[in-house]
Amino acid sequence: MTTENIQQRITELRSNLEEHNYRYYILSQPVITDQEFDQLMKELERLEAGNPDFFDPNSPTQRVGSDLNKEFEQVRHQYPMLSLSNSYSEEELRDFDQKIRKLTDQSFEYICELKFDGTSVSLRYRNGVLEKAITRGDGTFGDDVTANVRTIRSIPLKLKGAGFPEEFEIRGEILLPFSEFDRINQEREEEGEQLFANVRNAASGTLKSQKSSVVAERKLDAYFYYLLGENLPSDGHLENMMATREWGFKISPDTERCANIDEVIDFIRKWNLKRFDLPVATDGIVIKVNSLSLQQYLGSTAKSPRWAIAFKYKAEQLSTILQSVSYQVGRTGAVTPVANLEPVLLAGTTVKRATLHNSDIIKNLDLHFGDTVFVEKGGEIIPKIVGVDTASRHPMAQPVQFIRNCPECGTILVRKEGEAAHYCPSEDGCPPQIKGKMEHFISRKAMNIDGLGSETIDLLYNEGLIRNIADIYDLQKEQISRLERLGDKSAERILYSLSESRQIPFEKVLFALGIRFVGETVARILAHRLINIETIEKASLEELTAVDEIGGRIAESVQAYFSNPENIRLIERLKEKGLQMELDETSIANRSEKLGGLSIIISGTFEKNSRDDLKKMIEQNGGKNVSSISGNTSYLLAGNNIGPSKLEKAKKLNIPIISEDDFLKMID
Ligand code: IVH
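Residues numbered from 1 in each chain as written. Predicted model: local features only at pLDDT ≥ 70, side-chain atom pairs only at ≥ 80, totals over all residues. Heavy atoms only, no water.

**Q** Break down the packing of aromatic side chains for me, with residues and values.
**A** Applying the stated criterion to the full structure yields 16 aromatic pairs. Here the aromatic rings of phenylalanine 441 and tyrosine 473 are separated by 6.2 Å at their centres, their planes lie at 85°, and the arrangement is edge-to-face. Residue phenylalanine 441 is found in helix α12 (residues 431–442), and its partner tyrosine 473 is found in the loop between α13 (454–462) and α14 (477–481); the two are separated by 32 residues along the sequence. Overall, tyrosine 473 belongs to the buried group, its relative accessible area being 13%. Here the aromatic cluster, defined as three or more aromatic residues joined through ring pairs, consists of Tyr125, Phe164, Phe168, Phe224, Trp247 and Phe249. Here the basic side chain of lysine 160 rests over the ring of tyrosine 22, its NZ or CZ set 4.2 Å away from the ring centre. Note that lysine 416 overlies the ring of tyrosine 423, its terminal NZ or CZ placed 5.2 Å from the centroid. (Phe/Tyr/Trp six-rings, centres within 6.5 Å; stacked < 30°, edge-to-face > 60°. Helix = DSSP H or I, 4+ residues; strand = E, 2+ residues; numbered from the N terminus. Buried < 20%, exposed > 50% of the residue type's maximum accessible area, 1.4 Å probe, protein only. Lys NZ or Arg CZ within 6 Å of the ring centre and 35° of its normal.)

**Q** I'd love a proper account of the pairing of strand β15 (residues 372–377), names of residues and values included.
**A** Most of β15 sits out of view: 5 of its 6 residues are buried. Judged from the 6 bridges that link them, strand β12 (residues 316–329) and β15 form a sheet pairing that is antiparallel. Pairing of glutamate 316 across the sheet is with lysine 377, part of β15. Across 4 bridges, the pairing between β15 and strand β16 (residues 384–388) is antiparallel. Paired with valine 373 across the strands is valine 388, a residue of β16. (Pairing = 2+ DSSP bridges.)

**Q** Break down the nonpolar core for me, citing the residues and quoting the values.
**A** Nonpolar side chains tend to gather and get buried jointly when the protein is soluble and globular. Within the largest apolar cluster, 57 residues are counted, with the highest numbers of intra-cluster contacts made by Phe441, Met447, Ile472, Leu510, Leu513, Leu526 and Leu574. Looking at this core, the elements that each hand over two or more residues are α12, α13, α15 (488–500), α16 (506–512), α17 (520–530), α18 (533–538), α20 (552–562) and α21 (565–576). Among the elements that take part in this core, α17 stands out by supplying 6 residues, more than any other. Sequence-distant contacts of isoleucine 472, that is, excluding residues within four places in its chain, are made with Met438, Phe441, Ile442, Leu452, Ile457, Ile466 and Leu498. Listed in part, the 35 residues of the second largest apolar core include Leu157, Ile174, Phe196 and Trp247. (Core = buried A, V, L, I, M, F, W, Y, C linked by side-chain atoms within 4.5 Å. Contact = heavy atoms within 4.5 Å.)

**Q** Go over α17 with me, naming the residues and quoting the values.
**A** Along α17, 8 of the 11 residues are buried, which leaves the element largely enclosed by surrounding structure. Residues Val522, Ala523, Arg524, Ile525, Leu526, Ala527, His528 and Leu530 constitute the buried set of α17. Next to the buried residues of α17 lie α16, α18, α19 (541–545), α20, α22 (585–590) and α23 (611–620). Looking one or two residues beyond α17, the residue adopting positive phi is isoleucine 531, at roughly 70°.

**Q** Describe the sheet that holds strand β8 (residues 221–228), and please don't skip the residues or the numbers.
**A** Pairing is antiparallel in the open sheet, where 4 strands are placed in the order β5-β4-β7-β8. Strand pairing shows two members of the sheet lacking a second neighbour, β5 (129–135) and β8, which therefore form its edges. Strand-to-strand twist in this sheet, taken as the mean axis angle between neighbours without regard to direction, amounts to 30°. Relative to strand β7 (residues 167–175), strand β4 (residues 119–126) runs antiparallel, the two sharing 8 bridges. Bridging across to β7, tyrosine 125 finds its partner in phenylalanine 168. Sitting on the sheet, helix α8 (residues 237–247) touches β7 and β8, and the angle it makes with β8 is about 130°. (Axes fitted to C-alpha atoms, helices over the stretch in contact; angles between N-to-C directions.)

Right, dumping it as C-alpha cells:
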C-alpha cells in the first residue's frame, strides 16, 4: 500500500469505528457484530503501529488507556461549576416557582431531567475535538482527567455532524451502571479487596484512578445536561441538548418539557418508583427554566443558579420486624452484626437483612428482639435500620446483646481501645481468617495464582485439603480435579500457575505472607533494605525502625510474626517448595547507596520509565520516595504535566528540580 493509501484507510477505519461506537454506546443499535468490530479495530491498530506518523490521540484505538501512573493537574474552570439548591417537598417547589414569577412577568417553560447520581465532569471541545475533561473539584479548580475520560466509550472524542460552536463546554455526570458495579464488586471480593459502598463512590473512584486502563475496563457511562459557551444553537436549553445529541453526546431520553409547576410535580410523581427500573442510579429530579436569556436574567447566588432546583427523593423507609441478629466474621477477624428481618419490599427489592455495623449502633438503637424497626435504603447497597418503634415493643422483649465469643471458632472477642469493631484474635485458628490469608496469598498483587479464587479456596478448605498457605503447594492434580465445578483443565492450570509462582520476586512473596501492616510498599522497602527473609526474621526492633518509613507499629508486627514458631515452619516449607526468599541477583547487583539519605518526590509523567519503576530505582539506590513536599525534600523529580502547585511549592522552598535524565545520571 502506498503511504497515501494507508493514510486513507486509517481515516476510513477511524470514522467507521467511531460510527459503530456511537451506534453501540449511544443509540444501543449496533449494525455489526462484536467480532466484526474487533476485526476493524485490529486492522486499525496494526496500521497505526506500523505508521506512527499518523498517530492521533482521538483515534478509537486510544480508548484502551494506559498503565502509566499520572498525577492529575489542577485546571481552572472557564465557568465555575455551581451546585444546585435542593428541595424535598412539593411545597418547596411551589415556592421556587413563585420566586421566579416575582422576578419576571414573562411566560416560560420548565425542563425536567433526571438527577443522575454519579460524579460530574466538564468537557471542553475545540473545533469538534475533545480538548480537556475536568472534574468538579472545588467548583473553581478541578482535576484534569482527560486521559481517563478518553476511555469512556459513550463520550465522543470527535463530534459528528456540523453546527457546533468552535469552542464550548458541556457538563454531565459520569456513571457506573448497576450491572458493572455488581461485576466489579464481585471481582473485588474475589481479590479480597474492599468493596465499593455505592455506585457514586465507585464512579468517582474510577474516574480518579491513576491508570486509565483500569477506567477503560470498568465501562463507565455518561449523560450530559448542560451546554455552555458563546454562539450556542438556540436560546432553549432543551433545544441545545437535542443539538448536542446530534453531535454524538448521550442525552437522557427521559427529559420532558413542562408548561407549569403542576406538570413538574406530575413528572416528579411519575418517576418516584419508575427510576428504579433504570440501569443507572438517580437520586432526584432537576428542574430548569428552559430559556437561556431568562436564566441569565435570573442569575445565580454564589452557590447555585436561581433558575434551577433539584428535587431529592426521600430514601424509601418502611417498617418491619427484627427476627434475629447474626454475626459475620470477616477476613481480618472483624465481627459485623447483621439484622435478620421479616422480608419487606423496599425500593424495588426484597429486604431481609440490614447491617448493624457494630455494638455501639445496637446499643444506641436500644434494639430488642421482635422490635418493629424502620429500614431505609439510600444509595448504599445494604439497607440500614434507622429507628425503632419503642411504643409497640412487647413488655417482655429481650434486648439484643452483642456476642462474647467468635461464632466461627469460639475464641473470646476483643475490642481495641478507640475502635468500634470487635475482633476475633485467633488469626490462625479461625476459618474465615485462615481462608482470608490464603486468598490474600494467591491474589493478583501477591503470588498471582491463576485459576484459584476465593470459591476454590473455600472448597479446598472445607474438604480439609488445605489448612495454611504452604499446603497449597502440596495439592495433587486429582485432589483439585474431582472438586465440584473443577476438572482436569482447571487443575492443570492451577498446578502450572503454582509452579510458575516460584519465580515471583521476594518482595511479593513477603507481601503475600500477610504480615499485619506489611503492604506492598513496606514489603518492597523491607526486601530491598534487608535482602532476605533470615535478616528480616532476625532483625531487632532498632534495626527494623532504622529502615526509612518503617515505624514502631510495623516493626512490632514484623517481630510478632516471626516470633510465632508456626510462621517459621510455614516459611521453611515455602522455601523448600522453591519460593523466592531472597532478593534476586540483579536487584542485589543494582543496589547502591548513591541516593543514601536523600528524599525524592516524583511528579508528572515520564518518557523512559513508569513512576513505579522510578520509585523502585530510588529505593534500590538507598533513597526515599516521598509523596509530599516539605523543607526536608532533597529533589523534585519532575516529568511532563507536573502540577503547578507542586512546582510553585518546590521553588518557594528552594528544592532543586531534576529531570528524568538528570536522575538517571545520578544513579548512573
Ligand atoms: S445541572 C448549575 N442537571 O447534581 C447547574 N445537574 O447537586 C448545573 N446532576 O453538580 C447542574 N443530574 O453533578 C444538572 N440533570 C442534571 C443533573 C445534575 C445530576 C448533578 C451535578 C451537579 C449536582 C448538583
